[in-house]
Amino acid sequence: MRWTLVIPLKALARAKSRLSDTASDGLRPGLALAFAQDTVAAALACPAVGDVAVVTDDPLAGRELTALGARIVPDEPGGGLNAALRHGSAVVRSRGPRGPLAALNADLPALRPPELARVLAAAAEFPRAFLPDSAGIGTTLLAASAGLELLPAFGADSRARHRASGAAELLLDAVDSVRQDVDTGEDLRAALRLGVGPHTTQAVRPLNAL
């Protein structure tokens, strides 16, 4: 059975505030949308993925990501990232088979489908598993087998918190595109070195400093 991915996305106007050293207030919403578009497109192109549900209340993001093939789950709790993931997971499992489920960050613009497939195959060996981000502090993917809860603990030091929750840490080589989330200007430059998708390529053109 293929995986269902749950991707949380906050309102674009409030997204990516830590990119303020690289992009102006007017550009950051477009960057956040582009990151999400490239993430969703790559996830849907992964043969291990059967469905992508994006938890968001942003109308523009909802339209654009629906056009790519994602389904939108309204962020009814409005209680932040972990609440959105718990809600999205519950909605997904109430509407379909109780297959394996994974939470994936929305800011992986360099995501490559074969690398995502490797991560999901490794995660399938454990009841719950997670992939640390490129900085080694956060988490970019959290997975749970059929019938198990994700128990998300995203936020500060999520790598340590997910490990403490009993999730297995996936120590994989050559999956940089799945680990490279973008919060800062340096993160964005690292993603660009890996090679980002077409939406991000277009969105970064006004950023001459890059």
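## Digging into the overall build of the chain
Line of reasoning, step 1. Looking only at helices and strands, one finds 8 helices and 7 strands in the chain.
Line of reasoning, step 2. Computed over the C-alpha atoms, the radius of gyration of the chain is 16 Å, within 12% of the 17 Å expected from 2.2 N^0.38 for a compact globule of 210 residues.
Line of reasoning, step 3. Considered along the principal axes of its C-alpha atoms, the chain spans approximately 45 × 35 × 30 Å.
Line of reasoning, step 4. Burial statistics for the chain: of 210 residues in total, 53% are counted as buried.

## Examining the pairing of strand 4 (residues 101-104)
Line of reasoning, step 1. Of the two faces of strand 4, both are covered, the one formed by Leu 101 and Ala 103 as well as the one formed by Ala 102 and Leu 104.
Line of reasoning, step 2. Note: strand 1 (residues 3-8) against strand 4, 3 bridges, orientation parallel. In the strand pairing of strand 4, Leu 5 is matched with Ala 102.
Line of reasoning, step 3. In the sheet, strand 4 pairs with strand 6 (residues 139-144) via 4 bridges, with the strands oriented antiparallel. Bridge assignment links Ala 103 to a residue of strand 6, and that residue is Leu 142.

## Comments concerning the environment of Asp 181
Line of reasoning, step 1. One can find Asp 181 in the loop between helix 6 (176-179) and helix 7 (185-194).
Line of reasoning, step 2. Each C-alpha atom of the pair Asp 181 and Leu 108 lies 4.8 Å from the other, and the pair is 73 residues apart in sequence.
Line of reasoning, step 3. Ignoring any residue separated from it by four or fewer positions in sequence, one finds Asp 181 in contact with Asn 105, Asp 107, Leu 108, Asp 133, Ser 134, Thr 140 and Asp 187.

## Comments concerning the pairing of strand 1
Line of reasoning, step 1. With 6 of its 6 residues buried, strand 1 lies for the most part within the structure.
Line of reasoning, step 2. A two-sided burial pattern is seen for strand 1, the buried positions comprising Trp 3, Leu 5 and Ile 7 on one face and Thr 4, Val 6 and Pro 8 on the other.
Line of reasoning, step 3. In this sheet, strand 2 (residues 49-55) lies alongside strand 1 in parallel orientation, the contact comprising 6 bridges. Within strand 2, the position partnered with Ile 7 by the bridge is Val 54.
Line of reasoning, step 4. One crossover worth recording links strand 1 to the parallel strand 2 by way of helix 1 (residues 28-44), and it is right-handed.

## A look at the sheet that holds strand 5 (residues 128-132)
Line of reasoning, step 1. Read from one edge to the other, the open sheet built from 7 strands follows the order 3-2-1-4-6-5-7, with strand pairing classed as mixed. Two strands lie at the open edges of the sheet, namely strand 3 (71-73) and strand 7 (168-169), each paired on one side alone.
Line of reasoning, step 2. The strands that helix 3 (residues 81-95) touches are strand 1, strand 2, strand 3, strand 4 and strand 6; relative to strand 1, the one it contacts most, it runs at about 145 degrees.

## Some points on helix 7
Line of reasoning, step 1. Buried within helix 7 are the following residues: Gly 185, Asp 187, Leu 188, Ala 190 and Ala 191.
Line of reasoning, step 2. Along its buried surface, helix 7 packs onto helix 1.
Line of reasoning, step 3. Where helix 7 terminates, the next one or two residues include Gly 195, which has phi positive at roughly 110 degrees.

## A short note on the side chain of Thr 39
Line of reasoning, step 1. In this fold, Thr 39 is placed in helix 1.
Line of reasoning, step 2. Every residue in contact with Thr 39, bar those within four places of it in the chain, is listed here: Ile 7, Leu 104, Asn 105, Ala 106, Asp 107, Leu 108, Pro 109 and Leu 111.

## Some remarks on the nonpolar core
Line of reasoning, step 1. One finds Leu 5, Val 52, Leu 116, Leu 120 and Leu 141 to be the most contacted residues of the largest nonpolar core, which totals 38 residues.
Line of reasoning, step 2. When contributions to this core are tallied by element, the ones reaching two or more residues are strand 1, helix 1, strand 2, helix 2 (59-68), strand 4, helix 4 (113-123), strand 5 and strand 6.
Line of reasoning, step 3. Ignoring sequence-local partners within four residues, the contact set of Val 52 consists of Leu 5, Ile 7, Val 40, Ala 43, Leu 44, Ala 70 and Arg 71.
Line of reasoning, step 4. Counting residues in each nonpolar core, the second largest holds 16 residues, with Leu 85, Leu 101, Leu 142 and Ala 167 among its members.

## Some details on the side chain of Thr 4
Line of reasoning, step 1. Take Thr 4: it is sitting in strand 1.
Line of reasoning, step 2. Owing to a relative accessible area of 14%, Thr 4 belongs among the buried residues under this scheme.
Line of reasoning, step 3. Excluding residues within four positions of it along the chain, Thr 4 makes contact with Asp 51, Val 92, Pro 100, Leu 101 and Ala 102.

Each value, and the rule that gives it
Residues numbered from 1 in each chain as written. Predicted model: local features only at pLDDT ≥ 70, side-chain atom pairs only at ≥ 80, totals over all residues. Heavy atoms only, no water. Helix = DSSP H or I, 4+ residues; strand = E, 2+ residues; numbered from the N terminus. Rg over C-alpha atoms; globule rule 2.2 N^0.38 Å. Buried < 20%, exposed > 50% of the residue type's maximum accessible area, 1.4 Å probe, protein only. Pairing = 2+ DSSP bridges. Contact = heavy atoms within 4.5 Å. Right-handed = clockwise from strand over helix to strand, strands pointing away. Axes fitted to C-alpha atoms, helices over the stretch in contact; angles between N-to-C directions. Core = buried A, V, L, I, M, F, W, Y, C linked by side-chain atoms within 4.5 Å.

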